[in-house]
Amino acid sequence: MSYLNFRRAQAAGPEAGARIAAFLAGYSIEVMPRTLDAIPDLRALLPAGTRVYIAQVGDTPITDMVIAAARLRREGFEPMPISLPASSGTAPCWPTGSRATRARPGCARRC
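Residues numbered from 1 in each chain as written. Predicted model: local features only at pLDDT ≥ 70, side-chain atom pairs only at ≥ 80, totals over all residues. Heavy atoms only, no water.

Regarding the pattern of salt bridges
Within the structure shown, the criterion is met by three salt bridges. A salt bridge links R73 to E78; its shortest N-O distance comes to 3.2 Å. (Salt bridge = Lys/Arg side-chain N within 4 Å of Asp/Glu carboxyl O.)

Laid out in structure tokens, this is it:
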């Protein structure tokens, strides 16, 4: 029994490209307003209609979030404003019940 497979991989056929395209269909991304400001034309990178979550990180002003959402809408994307990253400690505690009363790892507040 071998844990590492050192054999050469088989060349992927055209059906592999179709499987990858199907896997990626309907994907979404997340950006911060300041990152979006650094991208002159997002249309060159993403297809129209892509759902783009706008992350509210740190002390990002709500006006920056609204400006980012308006730009995304003008460029043909589906903005989802005020996405609270789970790592920020601002996401709601899940699930409810006795576990919800314990502090999450890496979170200073109690749920």
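Let us keep going from here.
A short note on the side chain of R71
By the element assignment, R71 lies in helix α3 (residues 62-74). Separated by 2.6 Å, the side chain of R71 and the backbone oxygen of I39 make a polar contact. Here P40 takes part through its backbone oxygen, which lies 3.4 Å from a polar atom of the side chain of R71. Ignoring anything within four residues of it in the chain, the contact list for R71 reads L36, D37, I39, P40, D41 and L42. (Helix = DSSP H or I, 4+ residues; strand = E, 2+ residues; numbered from the N terminus. Polar contact = N/O pair within 3.5 Å; in protein donor to acceptor, adjacent residues only side chain to side chain. Contact = heavy atoms within 4.5 Å.)

Details of α3
With 13 residues, α3 extends 18 Å from end C-alpha to end C-alpha; this agrees with the ideal 18 Å at 1.5 Å per step. Inspection of α3 places M65, A68, A69, R71 and L72 among the buried residues, and these make up the whole buried set. Projected down its long axis, α3 carries its buried residues within an arc of 165°, all on one side. Away from the buried face of α3 by more than 90 degrees, exposed residues V66, I67 and R74 are located. (Expected span 1.5 Å × (residues − 1). Buried < 20%, exposed > 50% of the residue type's maximum accessible area, 1.4 Å probe, protein only. Arc of directions from axis to C-beta.)

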